[in-house]
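Structural overview for review
These are the residues of each chain, in order.
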Amino acid sequence: VGLLFLCFQSTDLTSTVGYDSIIQHLNDGRKNCKEFEDFLKERAIIEEKYGKELINLSKKKPCGQTELNTLKRSLDVFKQQIDNVGQGHIQLAQTLREEAKKMEDFREKQKLHRKKIELIMEAIHKNRNLQYKKTMEAKRLYEQRCRDKDEAEQAVHRNASLVTQKQQEKLFLKLAQTKSALEDTDRSYQQSVTTMEKIREEWQNEHIKACEFFETQECERINYFRNALWLHVNQLSLGCVQNDEKYEEIRKSLEMCSIEKDVDFFVNLRKTGSLAPAPVVYENYYNAQRNVTPAARSPMMLPPPKQAYSVPFSLLEA
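Quick caveat: nothing in here was measured; it's all calculated off a predicted structure.

1. Looking at the packing of aromatic side chains
- Tallied over the entire structure, the rule returns seven aromatic pairs.
- On the basis of an interplanar angle of 10° and a centroid distance of 6.5 Å, the ring pair of F36 and F39 is categorised as stacked. Taken together, the residues span about one helical turn, with F36 and F39 both in helix α2 (residues 17–60) at a distance of three residues.
- Residue F36 is classed as buried on the basis of its relative accessible area of 8%.
- Taking relative accessible area as the criterion, F39 reaches 46% and is therefore assigned partly exposed.
- When the ring of Y285 is compared with that of Y286, the centres are 5.4 Å apart and the planes differ by 85°; the resulting orientation is edge-to-face.

Here is the structure:
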């Protein structure tokens with residue numbers, strides 16, 4: 001006999017308080033499974049939306065688009081891996097939907113199997129309570145006939161010497177009728193009690209089987225729910241590991257990034273020359289004017305120079 005049967009009984013034959021408590025707990029368990037199922041579906045919506053936004057971000061949002069050489073390659077890897085992370089979240093969303101569907105199938109399967117047991121128990125409860133009502137009515141009639149018979153006997157003994165022969169015959173006739181009615185109701189009552197006991201035994205046997213079935217089903221539900229939650233957490237952990245592998249690709253690319261190479265690449269690609277501008281010096285305006293030749297100062301034609309005369313050297317010395 002299962003734990004549920006032992007711990008959910010009642011001394012009232014027609015009471016279903018223990019059975020109702022078990023059914024309520026099973027309904028609550030089914031509701032809890034539905035809540036987790038809805039949680040997975042909502043999480044799937046969030047993961048899919050986040051994944052699509054990451055993909056859209058990596059494709060449409062500029063991110064260092066004018067960088068060159070090794071850093072450009074690292075940025076290309078970065079954007080590609082962000083796209084891959086987004087794809088991973090979309091795949092996780094699909095996995096979560098599949099897990100939610102499995103939970104729904106499990107929940108509906110348990111509901112279907114349990115419904116069969118519940119229908120059997122409802123019919124037995126109805127039959128048991130109906131027979132109990134009949135038995136109590138038979139008992140009431142039996143006890144009433146007992147009282148009627150006792151009153152008839154008392155009337156005979158009380159009036160034995162006080163009534164006429166004819167009246168005495170009436171009293172004996174009434175006593176005989178009450179005895180006959182008592183015998184009928186006694187047989188009816190005993191038959192009703194016998195039938196009630198058979199129905200009670202049938203109900204008890206079915207109740208035991210139902211409790212054992214419910215206990216097994218509840219153990220299966222808790223185990224399935226626990227495993228589903230464990231699997232969900234594992235999927236989230238796996239997603240983190242896979243994302244970190246993608247981020248590791250970015251880190252590896254960044255390790256290959258060379259500042260010197262990028263600078264040299266830029267220089268070779270865009271260089272304009274190696275000669276710097278000459279220094280700007282101070283230029284005096286007047287010095288510049290004196291250095292200019294007459295021809296340079298005036299474009300006018302000058303008269304030819306006069307004939308030069310030679311002077312004896314001796315005169316120059318004098």
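2. Quick notes on unusual backbone geometry
- Within the chain, N69 stands out as a residue other than glycine whose phi angle is a positive 60°.
- On the secondary structure map, N69 appears in helix α3 (residues 69–158).
- Taking relative accessible area as the criterion, N69 reaches 17% and is therefore assigned buried.

3. Some details on the layout of surface pockets
- Approximately 260 Å³ is the volume attributed to the largest pocket.
- Taken together, 15 residues make up the lining of the largest pocket; nearest its centre are G88, L92, Q235, G239 and Q242.
- Broken down by secondary-structure element, the contributors of at least two residues to the lining of the largest pocket are α2, α3 and α4 (165–255).
- The element that contributes the greatest number of residues to the lining of the largest pocket is α4, accounting for eight residues.
- For the lining of the largest pocket, the per-class residue count stands at four nonpolar, eight polar and three charged.

4. Topic: the side chain of T185
- As for its position among the elements, T185 is in helix α4.
- Judged by relative accessible area, which is 13%, T185 ranks as buried.
- When neighbours within four sequence positions are excluded, T185 is seen to be in contact with L141, Y142 and R145.

5. Structural notes on the pattern of salt bridges
- Here the structure, examined in full by the defined rule, presents 21 salt bridges.
- For E118, the salt bridge is made with R114, and the minimal N-O distance between the two is 2.6 Å. You can see E118 and its partner R114 sitting in helix α3, four residues apart, about one turn around the helix. With respect to burial, E118 and R114 carry one shared label: buried.
- One network of salt bridges, in which partners are shared, links R30, E37, K41, R107 and E108.

Criteria and thresholds
Residues numbered from 1 in each chain as written. Predicted model: local features only at pLDDT ≥ 70, side-chain atom pairs only at ≥ 80, totals over all residues. Heavy atoms only, no water. Phe/Tyr/Trp six-rings, centres within 6.5 Å; stacked < 30°, edge-to-face > 60°. Helix = DSSP H or I, 4+ residues; strand = E, 2+ residues; numbered from the N terminus. Buried < 20%, exposed > 50% of the residue type's maximum accessible area, 1.4 Å probe, protein only. 1 Å grid on protein atoms, 1.4 Å probe; cavity = no way out; pocket = protein on both sides within 12 Å on 5 of 7 lines; lining within 4 Å. Points joined across faces, edges and corners; volume = space filled by probe spheres on them. Nonpolar A, V, L, I, M, F, W, Y, C, P; charged D, E, K, R; others polar. Contact = heavy atoms within 4.5 Å. Salt bridge = Lys/Arg side-chain N within 4 Å of Asp/Glu carboxyl O.

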